[in-house]
Amino acid sequence: MDFTFTEEQLMIRDAARDFARNELLPGVIERDEKQKFPAEQIRKMGELGFLGMMVSPDYGGSGLDTVSYVLAMEEISKIDASASVVMSVNNSLVCWGLEHYGTEEQKQKYLPRLAKGEILGAFCLSEPEAGSDATSQKTTAIDKGDYYILNGTKNWITNGGTASIYLVIAQTDAGKKHHGINVLIVEKGMEGFEIGPKEQKLGIRGSDTHSLIFNDVKVPKENRIGEDGFGFKFAMKTLAGGRIGIASQALGIASGAYELARAYSKVRKAFGTEICNHQAIAFKLADMYTQIEAARHMVLKAAWDKDNGKDYDLSGAMAKLYASQVAMDTTIEAVQIHGGNGYVKEYHVERLMRDAKITQIYEGTSEIQKIVISRSLLKD
Ligand code: CAA
Ligand code: FAD
């Protein structure tokens, strides 16, 4: 068993760390406060190759492995989880889905610009009445021969207002249940496609979340990804990898909070000594670091599974379930270690605590991860 990273993986991690400190940290509090999308920072991330990390260089990507991706995700998430969800959706859901299941024409048309961050993508599965219960799609894509007519509403879509292309999952043949679902590439500006108001959120407030409304949108058949009826499998297979990305986001939020808490405990004094000298505080740090290391191993194992052609449904779901719980526990303790300062914005930990919560909800809630995990364990 080899626990060492390659030179390249370390270089990517360090580049992401430098970028996060130099480009994301300044202004992160203001963006959170004003719900401001980090447009300029995302543009730079695209130029540096962070938005198409695993995309083949043939399609303009960085051609890196999943381990490099999760290392970079952790570093970006330590500082700005709003930027990292944009990164995660673009990389793991949109680029990966297109590269693995798209036609050559679709890949040539969209991937190079997505991978460089010239355009962003969105992944549109959830609906007002189909979140966890994702097979209950109400959005319809009626087959009209050369095109589909798309009608319905998607909810809580990340990059909803800022994306240029949208992978929309919709029901074509309700009689076939989930085997009658398709995934279509919808472009911003198509007639009948409307973007709803931006959601006002608890955390990841810099990210751009909207509902999307489709009213008789005519989508050419060449915009369908995969065979007729492949849409639900597409969503599940794509999300299996996406969950590794969100697990690394959770890990980053946790380790960011831990680093801040550790540093604070070494300078803040109470009862004549730095608070880290009180065992109650030192033991909190010990617990936080132990849990973070365990989560890191799980995230890296899932990434390694993906890179080595192993099944990663189970390891990815377990990594997300565990790392998101660690993100919640660690950020709450980081606020506690900061005392009153933990409750005010300039110390960052209250934001990390708010950001942590979403990692237990999106890309499958923790309860859904337990369904995925237990079904995998009980499978013959
Ligand atoms: N790979 C391939 N196929 C899979 C699969 C996987 N990982 N998981 C399920 N499937 C297939 C099943 O094999 C089945 O197909 P067959 O009938 O041909 O065998 C089909 O999908 C339906 O599976 P189930 O019968 O298990 O379906 P279910 O209704 O019991 O639900 C579920 C399964 C796992 C709970 C699923 O509905 C689910 O994942 N729900 C959560 C949805 C989710 O994660 N949404 C995230 C939206 S994106 C997002 O959130 C992005 C963001 O925030 C940034
Ligand atoms: P529900 O499914 O209504 O669940 C409510 C509660 O019931 C949860 O605790 C859930 O775990 C529990 N529950 C449901 N079913 C079961 C069960 N069978 N057993 C046990 N417990 C159960 N979606 C996209 O498609 N694309 C995106 O880009 C995207 N981005 C998002 C960004 C944000 C900020 C948010 C908040 C959401 C985003 N989502 C996105 C949607 C997200 O994936 C869903 O919110 C999530 O899958 C849960 O669905 P729901 O909200 O409908 O909750």
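Computed from a prediction, not measured in an experiment: that's the story for all the values here.

1. Remarks on the overall build of the chain
Check the secondary structure of the chain and you find 11 helices and 9 strands. Computed over C-alpha atoms, the radius of gyration of the chain comes to 21 Å, within 12% of the 21 Å expected from 2.2 N^0.38 for 380 residues, which places it in the range of a compact globule. Taking the contacts inside the chain whose residues are at least 6 apart along the sequence as the reference set, 73% of them involve residues at least 24 apart.

2. Examining the site of ligand 2
Taken together, the neighbourhood of ligand 2 is formed by 23 residues, with Ser126, Gly131, Ser132, Thr365 and Glu367 sitting nearest. Elements supplying a minimum of two residues to the shell around ligand 2: β1 (121–124), β3 (147–158) and α11 (366–378). When the residues that make up the shell around ligand 2 are grouped by side-chain class, the tally is 12 nonpolar, 7 polar and 4 charged. Built from parts of two domains, the shell around ligand 2 gets at least three residues from each of domain 2 (122–231) and domain 3 (232–378).

3. Some points on the nonpolar core
Side chains that are nonpolar tend, in soluble globular proteins, to be buried together. Core analysis: the biggest nonpolar cluster contains 114 residues, and Val299 and Ala323 have the highest contact counts within it. With 17 residues, helix α7 (residues 231–265) is the largest single contributor of residues to this core. Once residues within four sequence positions are removed from consideration, Val299 is found in contact with Val70, Ile244, Ala247, Ser248, Leu251, Ala319 and Ala323.

4. Let's talk about the domain arrangement of the chain
Accessible area lost upon the coming together of the parts serves often as the stated size of an interface. What the domain assignment lists for the chain is domain 1 (7–120), domain 2 (122–231) and domain 3 (232–378). Centre-to-centre, using C-alpha coordinates, domain 2 lies 30 Å away from domain 3. Along the lines of polarity and charge, the residues of the side of domain 2 that touches domain 3 split into 9 nonpolar, 6 polar and no charged.

5. Focus on helix α8 (residues 279–307)
With 29 residues, α8 should cover 42 Å at 1.5 Å per step; its first-to-last C-alpha distance of 41 Å lies within 8% of that length. One or two steps after α8, the chain reaches Gly309, where phi turns positive at roughly 70°.

6. Observations concerning the site of ligand 1
In the vicinity of ligand 1, 23 residues are found, and the nearest of them are Ala134, Met236, Tyr362, Glu363 and Gly364. Looking at the shell around ligand 1, the elements that each hand over two or more residues are α5 (81–101), α7 and α11. By residue number, the principal contributor to the shell around ligand 1 is α7, which donates 6 residues. In terms of residue class, the shell around ligand 1 is built from 13 nonpolar, 6 polar and 4 charged. Taken together, domain 2 (122–231) and domain 3 (232–378) each give at least three residues to the shell around ligand 1, which thus spans both.

Cut-offs applied
- Residues numbered from 1 in each chain as written.
- Chains lettered and ligands numbered in written order.
- Predicted model: local features only at pLDDT ≥ 70, side-chain atom pairs only at ≥ 80, totals over all residues.
- Helix = DSSP H or I, 4+ residues; strand = E, 2+ residues; numbered from the N terminus.
- Rg over C-alpha atoms; globule rule 2.2 N^0.38 Å.
- Contact = placed C-beta atoms within 7 Å.
- Near = placed C-beta within 6 Å.
- Nonpolar A, V, L, I, M, F, W, Y, C, P; charged D, E, K, R; others polar.
- Domains from an automatic or database assignment.
- Core = buried A, V, L, I, M, F, W, Y, C linked by C-beta atoms within 7 Å.
- Buried ≥ 20, exposed ≤ 12 C-beta atoms within 10 Å, placed from the backbone.
- Expected span 1.5 Å × (residues − 1).

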